[in-house]
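Here is what each chain is made of, one letter per residue.
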Amino acid sequence: MPLFGFPLVEFHWPWFGLLLPLPLILPLLWREQPGTERDEPLEGLRVTLLHPHLEELRAAYQARGPRRQLAGWLYRLLLGLLWTGLIVALMRPQGLVPHTEVSSPGYDLMLAVDASHSMDALDFSAQGREVNRMQVVKGVMGRFIDERVGDRIGLTLFGSGAYVLSPLTIDRNAVHYLLEGIEPGIAGGSTALGDAVALGVKKLRARPKGSRVMILIADGDNTAGNFQPLEAAALARDADVRIYVIGVGSKQARIPIRHEGRIEYWDDLTMDEDTLKGIAEITGGAYFRATDTRALEEISRRVGQLEKTESETRTA
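What you see is a predicted model; the values in this text were computed from it and never measured.

K.L.:
Describe the overall build of the chain, with residues and values.
P.N.:
The helix and strand tally for the chain stands at 9 helices and 14 strands. Here the chain, with 316 residues, has 37% of them falling under the buried criterion. Contacts spanning at least 24 positions in sequence make up 78% of the contacts within the chain whose residues lie at least 6 apart.

Structure follows, in structure tokens:
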């Protein structure tokens, strides 16, 4: 709380405050030693007073003595204030904004989105036109994020490696915005599926038990990384992280994909559903196909069955 109506202040470099008494110390250090003053004029030097009215001059200066003394004190005060202001600026004062802690029930949901090159495959259609896998993911998960009022949502993506785009937050709009910015191949051409699961477990295990949920969106083919998918799933089970998996990809033999500006047909883009189902089964979650229009509603229903946990949120 502010003190007497003033905001709280802290200093980033408080040790600069040791310089405040420096103007008082320097005169003591530089005081002239006895015997160094010259009481006599230099040899051969004549001192001549040219003013014709010495007494009147002396009387005029004596009359102005109080004002001169006041001006001297004011001059010293201004110098002191200037020095103090300079030292305070060097100490870098920083205001502390008061905040209020609010506890609200919710889930801790970590979204892990496959951003490998295979997500550019054009094996889905919407309104009569071909769309790639990433567009399907953005549509399904964008609506899911918008409906998770009160939940803490994080976002990771993975390709050749796994990366955190957003930590767990109640700012759903920010997470949705980051999701819309993901493009196929942005994280590399490979798929580090096991690393994505392990990274999500690392971020969720600090949260209360019962609310740790990961939603994994992938085409199911692990081609990179340090962790095997089922090994990472075992880590998730030990950390009490439940994983709901959305498999993205059709069962076509030859799948069109946009490659270097051209549409090509690849034979090795089929989805490894066994691995995705294994991850969900090991962790006590569930597996869904992204082509199923009921997938979003089913995930929401399953997550709603979990026990909500209290989380403290700071507001200004």
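Following the structure, the description resumes.
K.L.:
Lay out the pattern of salt bridges with the relevant residues and their values.
P.N.:
Tallying each qualifying case throughout the model produces 5 salt bridges. The partner of aspartate 108 in a salt bridge is arginine 207, and the shortest N-O contact between them spans 3.0 Å. Within this pair, whereas aspartate 108 is found in strand E4 (residues 108–114), its partner arginine 207 is found in the loop between helix H6 (193–204) and strand E9 (212–218), the two being separated by 99 residues in sequence. Assessed through its relative accessible area of 23%, arginine 207 is described here as partly exposed. A salt bridge links arginine 148 to aspartate 151, with the nearest nitrogen and oxygen atoms 2.9 Å apart. Residue classification places arginine 148 among the buried positions, given a relative accessible area of 10%.

K.L.:
Talk me through the packing of helix H4 (residues 133–147) against helix H5 (residues 172–180); I want residue IDs and the actual numbers.
P.N.:
For the pair H4 and H5, the least separation of the axes is 9 Å and the interaxial angle reads 175°. With respect to H5, the axis of H4 lies roughly antiparallel. Residues Lys138, Met141, Gly142, Ile145 and Asp146 of H4 touch H5, and the partners they reach there are Arg172, Val175, His176, Leu179 and Glu180.

K.L.:
Run through the sheet that holds E9, naming residues and quoting values.
P.N.:
Spatial ordering of the open sheet is given by E8-E7-E4-E9-E10-E13, a layout of 6 strands whose pairing is mixed. A single partner strand is all that each edge strand has here, and the edge strands are strand E8 (162–169) and strand E13 (286–289). Neighbour-to-neighbour, the strand axes of the sheet open up by a mean angle of 15°, direction not taken into account. Inspection of the sheet shows strand E10 (residues 242–247) paired to E13 by 4 bridges, in the parallel sense. The partner of isoleucine 246 across the bridge, within E13, is phenylalanine 288. Here H5 sits on the sheet in contact with E4, strand E7 (152–158) and E8, set at roughly 15° to E7.

K.L.:
I'd like a description of the environment of leucine 230, backed by residues and values.
P.N.:
Along the chain, leucine 230 turns up in helix H7 (residues 229–238). Given the relative accessible area of 42%, leucine 230 is considered partly exposed. Spatially, the C-alpha atoms of leucine 230 and isoleucine 282 are 8.0 Å apart, while their sequence positions differ by 52 residues. Setting aside residues no more than four positions away along its own chain, leucine 230 makes contact with Thr275, Gly278, Ile279 and Ile282.

K.L.:
Describe helix H8 (residues 273–283), with residues and values.
P.N.:
Within the span of H8, buried status applies to Glu273, Thr275, Leu276, Gly278, Ile279, Ala280 and Thr283. Check the buried side of H8 and you find it contacts H6, E9, H7, E10 and E13. Directly after H8, the chain includes glycine 284, whose backbone phi takes a positive value near 80°.

K.L.:
Can you break down unusual backbone geometry residue by residue, with the values?
P.N.:
With a phi angle near 55°, arginine 92 is a residue other than glycine that sits in the positive phi range. Following the sequence through the fold, arginine 92 ends up in the loop between helix H3 (65–90) and strand E2 (93–96). With a phi angle near 60°, aspartate 240 is a residue other than glycine that sits in the positive phi range. Residue placement: aspartate 240 occurs in the loop between H7 and E10.

K.L.:
If you had to explain the packing of aromatic side chains to someone new, which residues and values would you point to?
P.N.:
Going through the model one piece at a time under the given rule, you end up with 2 aromatic pairs. Between tryptophan 15 and phenylalanine 16 the ring centres are 4.3 Å apart and the planes differ by 25°, which places this aromatic pair in the stacked class. Owing to a relative accessible area of 52%, tryptophan 15 belongs among the exposed residues under this scheme. Taken together, the ring pairs connect Trp13, Trp15 and Phe16 into an aromatic cluster. The aromatic ring of tryptophan 73 is capped on one face by arginine 76, whose charged end is 5.8 Å from the ring centroid. Positioned over the ring face of tryptophan 13 is arginine 92, at 5.1 Å from the centre of the ring.

Rules used throughout
- Each residue is numbered by its place in its chain's sequence as written, counting from 1.
- With pLDDT at 70 or above as the cut-off, local features in this predicted model cover only qualifying residues; side-chain atom pairs require 80 or more to be listed or tallied, and sums for whole chains, interfaces and linings still use all residues.
- Each side-chain value is worked out from all heavy atoms of the structure, with water and hydrogens disregarded.
- Numbering of helices and strands runs from the N terminus, with a helix taken as a DSSP run of H or I at least four residues long and a strand as a DSSP run of E at least two residues long.
- Exposure classes here rest on a 1.4 Å probe applied to the protein chains alone. A residue is buried below 20% of its type maximum, exposed above 50%, and partly exposed in between.
- The contact definition used throughout considers only heavy atoms, calling two residues in contact when any of these lie within 4.5 Å.
- A carboxyl oxygen of Asp or Glu within 4 Å of a side-chain nitrogen of Lys or Arg is what we treat as a salt bridge.
- Fitting a line to C-alpha atoms yields each axis, with helices limited to the stretch in contact; the angle taken between N-to-C directions then spans 0 to 180 degrees.
- An angle below 35 degrees is read as roughly parallel, one above 145 as roughly antiparallel, one from 65 to 115 as roughly perpendicular, and any other as oblique.
- Criterion used throughout: strands pair if DSSP finds at least two bridges between them.
- For Phe, Tyr and Trp, where Trp contributes only its six-membered ring, two rings pair if their centres lie within 6.5 Å, and the inter-plane angle classes them as stacked under 30 degrees, edge-to-face over 60, or tilted in between.
- Our definition puts a charge over a ring when NZ of Lys or CZ of Arg is within 6 Å of the ring centre and also within 35 degrees of the ring normal.

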